[in-house]
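Chain by chain, the residues run as shown.
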Amino acid sequence: MGKQKTEQQWRETLSAEQFDVCRNKGTERPFTGKYTDCKTLGTYICACCGESLFDSETKYDSGSGWPSFWNTIDANNIKEITDESHGMKRVEVTCKSCGAHLGHVFEDGPQPTGLRYCINSVSMELKEK
Ligand code: FE
């Protein structure tokens, strides 16, 4: 922690959609995000605080409509939280540094991890290699 801001500060620095997704745990509509089909090489960082989250090398086409990764850059940069909202039991993925909601992780991904990190495009910025 250390990259925390007040709700008002986040409102002033994020777009309305980013605020809804990152700070209020919203979800962008599938197949609308700017990174869903992106194949550019680079590092995906937190849109709120700049923490490194995912490497393009672990991005794959899951067909879900959201950017999907089979691993994180560093498990220490992510915090996973049990999410029982909307009548489902899921695992929420957040940025450990600033608490931003990123998406969810599911156990139907490809090897070697078998994981699918299903992440909102607006929660990330791509730093090209
Ligand atoms: Fe962050």
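So, here's what we can say about the structure. (Residues numbered from 1 in each chain as written. Predicted model: local features only at pLDDT ≥ 70, side-chain atom pairs only at ≥ 80, totals over all residues. Heavy atoms only, no water.)

## As for the overall build of the protein
- Helices and strands together make up the secondary structure of the protein, namely two helices and nine strands.
- Here the C-alpha radius of gyration of the protein, 14 Å, is about what a compact globule of 129 residues would show, namely 14 Å.
- Judged by the C-alpha coordinates and their principal axes, the protein covers about 40 × 40 × 30 Å.
- When burial is assessed residue by residue, the protein has 48% of its 129 residues classed as buried.
- Long-range contacts, defined as pairs at least 24 residues apart, comprise 55% of the intrachain contacts of the protein with a sequence gap of at least 6. (Helix = DSSP H or I, 4+ residues; strand = E, 2+ residues; numbered from the N terminus. Rg over C-alpha atoms; globule rule 2.2 N^0.38 Å. Buried < 20%, exposed > 50% of the residue type's maximum accessible area, 1.4 Å probe, protein only. Contact = heavy atoms within 4.5 Å.)

## Regarding the side chain of Asn-77
- Mapping Asn-77 onto the fold places it in the loop between strand S4 (68-69) and strand S5 (78-83).
- Classification of Asn-77 by relative accessible area gives buried; the value is 13%.
- In contact with Asn-77, not counting residues within four places along its chain, are Glu-51, Ser-52, Leu-53, Thr-94, Cys-95 and Lys-96.

Interpretation in functional terms is not warranted from these geometric data alone.
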